[in-house]
Amino acid sequence: MAIYDIAGLKVEIVNPKGRTKKQALPYLSNDGDKRVDIRIDVDEKRVAAAMKEHPELVQDDWEYMLTGSDFYTELINFDGILLHSSCVVVDGKAYAFSADSGTGKSTHTQLWLKHFGSRAYILNDDKPAIRLIDGRVYACGTPWSGKYDYSVPEVVELAGICFLERSETNTIKRADTGKAVFNIFSQTVRALSSAKMEKLFDVLEELFAKVPLYEFGCNISDEAVLTSYNAMCGEEIK
């Protein structure tokens, strides 16, 4: 039985293979605690059915995606959500940039790495978990990430969420609540039971109350880093 420490939870992945096993290795628990909060067991029939529907993806791809889907679905029970975003950490605080695929969220966080150097690192480049723990909001690395597999097994306090759009100029403002609900809902797990859907909205309500949300139009420049960081951190940098 393999137990992993993921997002502050004990997660059992039954018989992990291939990419799933490789990406989960840094999260392997070594503290001897055998409790299980979430158990993930993706059987071969489910993988075969997925491959039949989408034959362009191989078995290893589906095992990786389905284990991730199961984790994020169960995460709702622990006051957590998936947020499709690139999450960067600077000086011990996490900043999540969410957008549709191809918009440039990873490009923007790479600019943060370039600007801040050793002060910064990517927590998860595509699928961080966002959790409420003891009244505070944290971004969490998970084994399920983007195509470059950037992820770190850490839990870091979340300082802000930015909904990113391409723009010729750099402008940032606090997000409209109604639009923010739509933006987050479009970037998280939605195939949920009615009970889990109700729980999801409870988590979002508390998340909105505790974490600043922004709308950010940006280009690919160092000025874009300054614009977003100064707004989200509340201090001026040059």
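All of these numbers come straight from a predicted model, not from anything done at the bench.

So what about the sheet that holds strand β3 (residues 38-40)? Which residues, and what values?
Spatially, the three strands line up as an open sheet ordered β1-β2-β3, and their pairing is mixed. In this open sheet, the two edge strands, each paired with only one partner strand, are β1 (3-6) and β3. Averaged over all neighbouring strand pairs, the angle between strand axes comes to 30°, with direction disregarded. The pairing of β1 with strand β2 (residues 9-13) spans four bridges and is classified as antiparallel. Residue pairing across strands places Tyr-4 opposite Val-11, the latter belonging to β2.

An account of the layout of surface pockets is requested, with residue identities and associated values reported.
In this approach, a probe sized like a water molecule rolls over the atoms, and the result shows the empty space that is left. The computed volume of the largest pocket comes to approximately 520 Å³. Forming the boundary of the largest pocket are 22 residues, of which Met-65, Ser-69, Leu-82, His-84 and Lys-127 lie nearest the centre. The dominant element in the lining of the largest pocket, judged by the number of residues it contributes, is helix α3 (residues 59-75), at nine residues. Its residues assigned to classes, the lining of the largest pocket comprises ten nonpolar, eight polar and four charged. Size it by volume and the second largest pocket reaches roughly 270 Å³. Taken together, 13 residues form the lining of the second largest pocket, with Gly-102, Lys-105, Ser-106, Asp-125 and Lys-147 sitting closest to its centre. Classifying every residue of the lining of the second largest pocket gives one nonpolar, seven polar and five charged.

How would you summarise the pairing of strand β9 (residues 136-140) if you had to cite specific residues and measurements?
Burial of β9 is extensive: four of the five residues sit out of reach of the surface. Sheet topology places strand β8 (residues 129-133) next to β9; five bridges connect them, and they run antiparallel. Residue Arg-131 lies in a different strand from β9, and its bridge partner there is Tyr-138. Counting the residues between successive antiparallel strands, the hairpin from β8 to β9 contains two residues, one of them, Asp-134, with a positive phi of roughly 55°. Bridge count between β9 and strand β10 (residues 155-166): three bridges; the pairing is antiparallel. Paired with Tyr-138 across the two strands is Glu-157, which belongs to β10.

For the nonpolar core, give the residues involved together with the corresponding values.
In globular proteins that are soluble, nonpolar side chains generally tend to be buried together. One finds Phe-71, Ile-81, Leu-158, Ile-161 and Leu-207 to be the most contacted residues of the largest nonpolar core, which totals 53 residues. In terms of nonpolar packing, the next biggest core, distinct from the first, is built from 20 residues, Val-88, Phe-97, Phe-216 and Cys-218 among them.

Explain the packing of aromatic side chains to me, using residue names and the numbers behind them.
Under the criterion given, the structure shown has eleven aromatic pairs. Arranged with centres 5.6 Å apart and planes meeting at 50°, the rings of Trp-112 and Phe-116 form a pair that is tilted. Placement of both Trp-112 and Phe-116 in helix α4 (residues 105-116) is noted, with a separation of four residues, approximately one turn of the helix. Here Trp-112 matches Phe-116 in class, with each residue buried. The interplanar angle of 20° and the centroid separation of 5.7 Å between the aromatic rings of Phe-185 and Phe-201 together place this pair among those described as stacked. One end of the pair, Phe-185, is in helix α5 (residues 177-185); the other, Phe-201, is in helix α6 (residues 194-210), with 16 residues separating them in the sequence. Residue class for Phe-201 comes out partly exposed when judged on its relative accessible area of 39%. Through a chain of ring-to-ring contacts, the aromatic side chains of Tyr-95, Phe-97, Trp-112, Phe-116 and Tyr-229 assemble into a single cluster. One residue, Arg-174, lies across the ring of Tyr-214, its end atom 5.3 Å from the ring centre.

About the criteria used
- Residues numbered from 1 in each chain as written.
- Predicted model: local features only at pLDDT ≥ 70, side-chain atom pairs only at ≥ 80, totals over all residues.
- Heavy atoms only, no water.
- Pairing = 2+ DSSP bridges.
- Helix = DSSP H or I, 4+ residues; strand = E, 2+ residues; numbered from the N terminus.
- Axes fitted to C-alpha atoms, helices over the stretch in contact; angles between N-to-C directions.
- 1 Å grid on protein atoms, 1.4 Å probe; cavity = no way out; pocket = protein on both sides within 12 Å on 5 of 7 lines; lining within 4 Å.
- Points joined across faces, edges and corners; volume = space filled by probe spheres on them.
- Nonpolar A, V, L, I, M, F, W, Y, C, P; charged D, E, K, R; others polar.
- Buried < 20%, exposed > 50% of the residue type's maximum accessible area, 1.4 Å probe, protein only.
- Core = buried A, V, L, I, M, F, W, Y, C linked by side-chain atoms within 4.5 Å.
- Phe/Tyr/Trp six-rings, centres within 6.5 Å; stacked < 30°, edge-to-face > 60°.
- Lys NZ or Arg CZ within 6 Å of the ring centre and 35° of its normal.

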